[in-house]
Amino acid sequence: MRAFLDTISYKKSGAVWLLFNFVVLAILGAMLRYMHSFSIPNVNYQFLLHSHSHFAFSGWMFLAIILLFFYYFKEDNRLLQKHFNQIFALTILVSFGMLISFFLTGYKTISIILSTSFIFIGYWFAFVVFKSKAFVNSKNAPVSILLKSALFFLVISSFGPYSLGYLKGAEFKDMALQQNAIYFYLHFQLNGFMQLALLAFFFKSYLKSTASFNKSIVFWTKLLAISTLPLYAMFTLWDKPSGWVYILVFISALVHFIAWLMLLYKLKVDLKPLGFLAKIAVLAVILQFFFQILVAIPVIGDWAFGSRNLIIGYVHLITLGSLSPIIIDLFTRAGFIKPMHQLNYAFVMFIVVYLVFLFGSTFLTLFKTYIPNLELYLLITNLLLPIIGLVYFISAIGRQKYCETENKNIIIPNNL
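Residues numbered from 1 in each chain as written. Predicted model: local features only at pLDDT ≥ 70, side-chain atom pairs only at ≥ 80, totals over all residues. Heavy atoms only, no water.

J.: Describe the overall build of the protein chain, with residues and values.
T.: When helices and strands are tallied, the protein chain shows 16 helices and 0 strands. Here the C-alpha radius of gyration of the protein chain, 21 Å, is about what a compact globule of 416 residues would show, namely 22 Å. Principal-axis analysis of the C-alpha atoms places the extent of the protein chain at approximately 60 × 55 × 50 Å. Taken over 416 residues, the protein chain has a buried fraction of 54%. The long-range fraction of contacts in the protein chain, counting pairs at least 24 apart against all pairs at least 6 apart in sequence, stands at 83%. Taken as a whole, the protein chain presents about 19,400 Å² of accessible surface, with 68% of it coming from carbon and sulfur. Across the protein chain, 30 positive and 12 negative side-chain charges occur, with their mean positions spaced 7 Å apart. (Helix = DSSP H or I, 4+ residues; strand = E, 2+ residues; numbered from the N terminus. Rg over C-alpha atoms; globule rule 2.2 N^0.38 Å. Buried < 20%, exposed > 50% of the residue type's maximum accessible area, 1.4 Å probe, protein only. Contact = heavy atoms within 4.5 Å. Areas by Shrake-Rupley, 256 points an atom, 1.4 Å probe, with all protein chains shown as cover. Lys, Arg positive; Asp, Glu negative; His and termini not counted. Charge placed at Lys NZ, Arg CZ, Asp CG, Glu CD.)

J.: Any chance you could break down the nonpolar core for me, citing the residues and the numbers?
T.: Core analysis: the biggest nonpolar cluster contains 136 residues, and F125, F193, F201, F203, F331, F347 and Y392 have the highest contact counts within it. Top element by residues in this core is helix α3 (residues 45-72). It accounts for 18 residues. Leave out the neighbours within four places in its chain, and F347 touches F22, L277, L320, S324, P325, I328, L385, I388 and Y392. (Core = buried A, V, L, I, M, F, W, Y, C linked by side-chain atoms within 4.5 Å.)

J.: So what about the packing of aromatic side chains? Which residues, and what values?
T.: Tallying each qualifying case throughout the model produces 42 aromatic pairs. On the basis of an interplanar angle of 10° and a centroid distance of 5.8 Å, the ring pair of F350 and Y354 is categorised as stacked. A residue pair is termed a helical-turn pair when its members lie 3 or 4 positions apart in one helix, as F350 and Y354 do in helix α15 (residues 341-364) at 4 residues. For the pair formed by F350 and Y354, the shared burial category is buried. The ring of Y206 carries the charged tip of R333 above its face, separated from the ring centre by 4.1 Å. (Phe/Tyr/Trp six-rings, centres within 6.5 Å; stacked < 30°, edge-to-face > 60°. Lys NZ or Arg CZ within 6 Å of the ring centre and 35° of its normal.)

J.: Describe the confidence of the model for the protein chain, with residues and values.
T.: Per-residue confidence for the protein chain gives a mean pLDDT of 87; residues scoring 70 or more make up 91%. Across residues 407-416 the pLDDT falls below 50, and counting only partners more than four positions away or on other chains, this stretch makes 23 contacts in the model. (pLDDT = per-residue confidence, 0-100.)

J.: Explain α15 residue by residue, including any values.
T.: Over its 24 residues, α15 runs 33 Å from end to end, which matches the ideal 34 Å to within 8%, given 1.5 Å per residue. Within α15, the full set of buried residues consists of L343, N344, F347, V348, F350, I351, Y354, L355, F357, L358, S361 and T362. (Expected span 1.5 Å × (residues − 1).)

J.: Residue-level account of the side chain of H256, with values.
T.: For H256, the location among the structural elements is in helix α11 (residues 243-267). Classification of H256 as buried rests on a relative accessible area of 2%. Within polar-contact distance, the side chain of H256 engages the backbone oxygen of L224 at 3.2 Å. If sequence neighbours within four positions are ignored, H256 has contacts with L224, S227, T228, L231, F289 and Q292. (Polar contact = N/O pair within 3.5 Å; in protein donor to acceptor, adjacent residues only side chain to side chain.)

J.: Any details on empty space enclosed by the protein? Residues and values, ideally.
T.: Scanning the model with the defined rule gives 3 cavities of 30 Å³ or more in all. Those elements that provide at least two residues to the lining of the second largest cavity are α5 (109-131), α7 (141-157) and α9 (175-206). At 3 residues, α5 tops the list of elements feeding residues into the lining of the second largest cavity. A class-by-class count of the residues in the lining of the second largest cavity yields 4 nonpolar, 4 polar and no charged. (1 Å grid on protein atoms, 1.4 Å probe; cavity = no way out; pocket = protein on both sides within 12 Å on 5 of 7 lines; lining within 4 Å. Points joined across faces, edges and corners; volume = space filled by probe spheres on them. Nonpolar A, V, L, I, M, F, W, Y, C, P; charged D, E, K, R; others polar.)

J.: If you had to explain the packing of helix α10 (residues 215-226) against α11 to someone new, which residues and values would you point to?
T.: In a packed pair of helices, the relevant descriptors are the angle between the two axes and the axis-to-axis distance. The geometry of α10 relative to α11 is characterised by a closest axis approach of 8 Å and an angle of 150° between their N-to-C directions. One way to sum up the angle between α10 and α11 is to call them roughly antiparallel. Crossing geometry of α10 relative to α11 is assigned as left-handed. Counted together, S216, I217, W220, T221, L223 and L224 of α10 and V255, H256, I258, A259, W260, M262, L263, K266 and L267 of α11 form the full contact between these two elements. Residues belonging to the contact of α10 with α11 are distributed by class as follows: 11 nonpolar, 3 polar and 1 charged. (Axes fitted to C-alpha atoms, helices over the stretch in contact; angles between N-to-C directions. Parallel < 35°, antiparallel > 145°, perpendicular 65-115°, else oblique. Left-handed = near helix turned anticlockwise from the far one by under 90°.)

Spelled out as C-alpha cells, the structure:
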C-alpha cells in the first residue's frame, strides 16, 4: 500500500488528478439531471445523488484546497512533505471509494467506513497545516485568519455525522434533529471550511506583497469568519422554528454580508487586477450573502425551502458560482492550467444559464408562469459541463508534460 501511495504524487500529477475528478463530477451531475426526465437501468437516483455530493466535497473541493495549500505554503521539512503526499493520495483513494460505494449501495457499511475515513483525513490535514512553519509565520492577516477559521470549521463539521450516528443508533424518531445534523455538516463544510479556505487563497494570490493590514481589516476579517457560526441557524428554518431564530439568522447574514463588502472595500487598493473568473467568484459571493439575508424573512424563507430548484440553485451558486471559478482561476495563475479565456467565458456562460433556469423558473411560478420543457433545457445545459471540464483536464496534462520537459524534478512552479 505504501508503495502504491508513493506513486500518487501531488507534485507530479496533482492538477491532472483534480481536473480529472472535475470531469467525473460533471458527468455524475449530468446523469442526475438526466434522471429527472428519464430513467437509467439499474441506477438508483438517491445512491447517485450521494455519490455525486460526497465526491464533490472530497474529490474536487477538498482536494483543490489541499493542493493550493501545498502550493502557497511550501515547506522544507521532508516529514511534512511526506504527510502532504500521503494525505493527497489517501484523499484520491477514499474519494473514488465513496463514489463507487455510494453509487452501488448507498449508505451501507463500506460507504460509512469510507466517509468516516474522510473525516479523519480532514483532521490529519488540519494538524499538518497547523504544524507548518510557513503557515504559522504568515503575516498576511486575511489569509491567516480565514484559513485558521476554515480549519476550525472543518473539524467541528464532523460533529454533524457523529450526532446523526448517535440519533439513529438511539432510535430517535425526531426527523428534524437528524436533518439538522446533516445540515450542520453541510454548512460548516461548504460555507465554513471550503468557502473561507478558498477565499483565503484568493487573498493570498491577489493581495500585493506591499499590502498593509491595519486593525480595521483584521476586525472585518474576523467578523466574516465569526458570523459563519450563528449562520448555521439558516439551515434550520425549513422546520419553521421560533421567531428569535429568524432574527438570529437575519443579524448573522447581515453581518456576514457587510463584513465581506467592507473587507473588499478596505483591501481594494492592495488587490492586484482580478482575473475574469475571480471577478465572477467575488460577484457570486456577494449574491450568495445577499440571498442569505432574504431567506431570514419568514415569507421568503418558507417559500425558498419549499422549492427544490431554489435549494439546488443556492448550492450551485456556491459550488459552481464562487468556489469552482476560484479554483480554476488560482490553478491557472499557478501555472497548472494554460490561460484559456474563451473556455472561461464558456464556463461562466454555463453557470449563468444554469442558475437563471433554476432561480428564474421558481420565480415565475409566483405569477403562475412555467417554462415549457424546463428539465430538457437544464439537461442540455448540464451536458456542456463535462466538455468544458475535459478541455481543462487536457490543458492540465499539457502543462504537466511541458513542465516535465523543462524540469524533470519539479512540476509545480515555484512562484506566481
